[in-house]
Amino acid sequence: MNKMYNEDIKWRFLKEKYDSKETRKVIKYIFFYAYLNELPLGKDLYDFSLDQIGSVIANSNPKSLNVAKTRGSFISQYISWAISPDVNLRRDNLNPLQNIDESWYAQFVDTSLKQFISKTELDEMVSQLVNYQDKIIPVLLFNGVYGTESSEIRNLKLTDIQEDGTTRLYDDVKGERYIKLDENVIELLHKANFEEEYMNKNGMAEGRSPNSHLVNSEFIVKSLKRGAAKEGHRIGQSSIISRINIIKEYIGWLDLTPKSIWRSGMLYMASQLMQGRNELIKEDFDKIGEHFNLSKINNNGYESYNRAYMSGFINEENINKLYK
């Protein structure tokens with residue numbers, strides 16, 4: 001439910017405290033969760049007790065201690081703002097989250113393993129990231145863009161994208177191919193390409209270096225201006241893996257890898273192809289294999305996608321877990 005209780009007040013806080021639209025968007029999702037607690041209580045989050053704040057964090061289903069603490073930090077900032085003399089909204093001048101330690105946040109963390117994610121969970125993950133340079137990597141993986149050592153991602157340029165969304169991809173080993181990407185993916189690619197600064201620690205970095213500059217490059221996914229990074233060069237594979245690690249540690253799905261996000265995209269495509277049917281057919285596997293650029297096997301002179309390999313995870317059980 002995308003509603004905010006006392007929307008005018010919360011928008012005032014967001015505009016006064018945060019210049020970044022993406023950081024505002026992350027905090028808005030916390031306010032959306034809070035709405036479900038504020039409405040029945042008939043009071044705003046800034047007036048909540050510690051237990052009531054805990055209910056908001058628990059309802060947001062954080063996947064890691066870091067996520068739980070970050071959400072608590074934003075709520076604490078909102079309460080401190082409401083206490084300030086210029087605002088003076090809270091009934092007392094006590095912030096319940098002041099001096100709260102990690103053990104309190106740990107009780108709200110969902111520690112269940114997560115091998116695959118649904119399309120809804122992908123969208124939720126992306127919504128919590130403030131850098132388009134971070135957002136685009138799991139989105140591309142989910143949509144079938146990967147390649148040997150992530151080379152389809154690392155080689156991608158705006159000039160590869162046609163007006164209808166048909167996109168040229170280049171794998172360092174398998175070579176060139178074309179796929180159709182949705183309009184929302186193309187929009188993210190454009191935003192990532194023109195991003196100039198990278199907000200460290202997903203916008204939560206403090207001290208002298210809250211932001212880093214991105215190198216000038218024709219490639220969409222760019223390196224940070226650090227160490228051996230060179231202008232005009234494509235990003236390294238190690239940097240792609242590092243970004244995924246940072247994302248999963250922040251979001252909390254610690255068991256996710258580039259390959260599992262990629263396979264999650266296959267499961268989503270399978271769920272779409274299966275609509276109106278109870279099982280997958282050979283043509284479904286062929287379409288998935290082509291879109292995700294899987295290697296073919298030779299069977300007595302006939303080349304086909306390895307259905308036995310694919311059905312090991314692209315099956316009704318996994319699809320039902322994510323989409324039923």
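Use the structure listed above.
Please read these numbers as outputs of a predicted model, since none were measured by experiment.

(A) Local environment of the pattern of salt bridges. With the rule as written, the count across this model stands at 18 salt bridges. In this structure, the salt-bridge partner of Lys-69 is Glu-102, at a minimum N-O distance of 2.8 Å. With Lys-69 in helix H4 (residues 65-83) and Glu-102 in helix H5 (residues 102-106), this residue pair connects regions lying 33 residues apart in the sequence. For Lys-69, a relative accessible area of 31% gives the class partly exposed. The partly exposed category is assigned to Glu-102, whose relative accessible area is 42%. Here Arg-168 and Glu-176 are joined by a salt bridge, their closest N and O atoms 2.7 Å apart.

(B) Quick look at the packing of aromatic side chains. Scanning the model with the defined rule gives 17 aromatic pairs in all. Relative to Tyr-105, the ring of Trp-104 has its centre 5.0 Å away and its plane inclined at 80°; by these criteria the two rings are edge-to-face. There is no split in this pair, since Trp-104 and Tyr-105 are both buried. Judged by centre distance (6.2 Å) and plane angle (65°), the ring pair of Trp-262 and Phe-292 falls under edge-to-face. With Trp-262 in helix H11 (residues 258-273) and Phe-292 in the loop between helix H12 (282-291) and strand S5 (296-299), this pair connects stretches of sequence that are 30 residues apart. Here a set of aromatic residues connected by ring pairs shows up, and it is made of Phe-13, Tyr-18, Phe-31, Tyr-46, Phe-74, Tyr-78 and Trp-81. Across from the ring centre of Phe-31, 5.4 Å away, lies the NZ or CZ of Lys-10, which sits over that ring. A cation sits over an aromatic face here: Lys-135 above Tyr-132, 5.6 Å from the ring centre.

(C) The arrangement of the packing of helix H7 (residues 132-142) against H11 in detail. Where H7 contacts H11, the two axes come as close as 7 Å, and the packing angle between them is 50°. Considered as vectors, H7 and H11 are oriented oblique to each other. Here Pro-138, Leu-141 and Phe-142 of H7 come into contact with H11, specifically with Pro-258, Ile-261, Trp-262, Ser-264, Gly-265 and Tyr-268. Of the residues assigned to the contact of H7 with H11, the class counts are seven nonpolar, two polar and no charged.

Scoring rules and cut-offs
- Residues numbered from 1 in each chain as written.
- Predicted model: local features only at pLDDT ≥ 70, side-chain atom pairs only at ≥ 80, totals over all residues.
- Heavy atoms only, no water.
- Salt bridge = Lys/Arg side-chain N within 4 Å of Asp/Glu carboxyl O.
- Helix = DSSP H or I, 4+ residues; strand = E, 2+ residues; numbered from the N terminus.
- Buried < 20%, exposed > 50% of the residue type's maximum accessible area, 1.4 Å probe, protein only.
- Phe/Tyr/Trp six-rings, centres within 6.5 Å; stacked < 30°, edge-to-face > 60°.
- Lys NZ or Arg CZ within 6 Å of the ring centre and 35° of its normal.
- Axes fitted to C-alpha atoms, helices over the stretch in contact; angles between N-to-C directions.
- Parallel < 35°, antiparallel > 145°, perpendicular 65-115°, else oblique.
- Contact = heavy atoms within 4.5 Å.
- Nonpolar A, V, L, I, M, F, W, Y, C, P; charged D, E, K, R; others polar.

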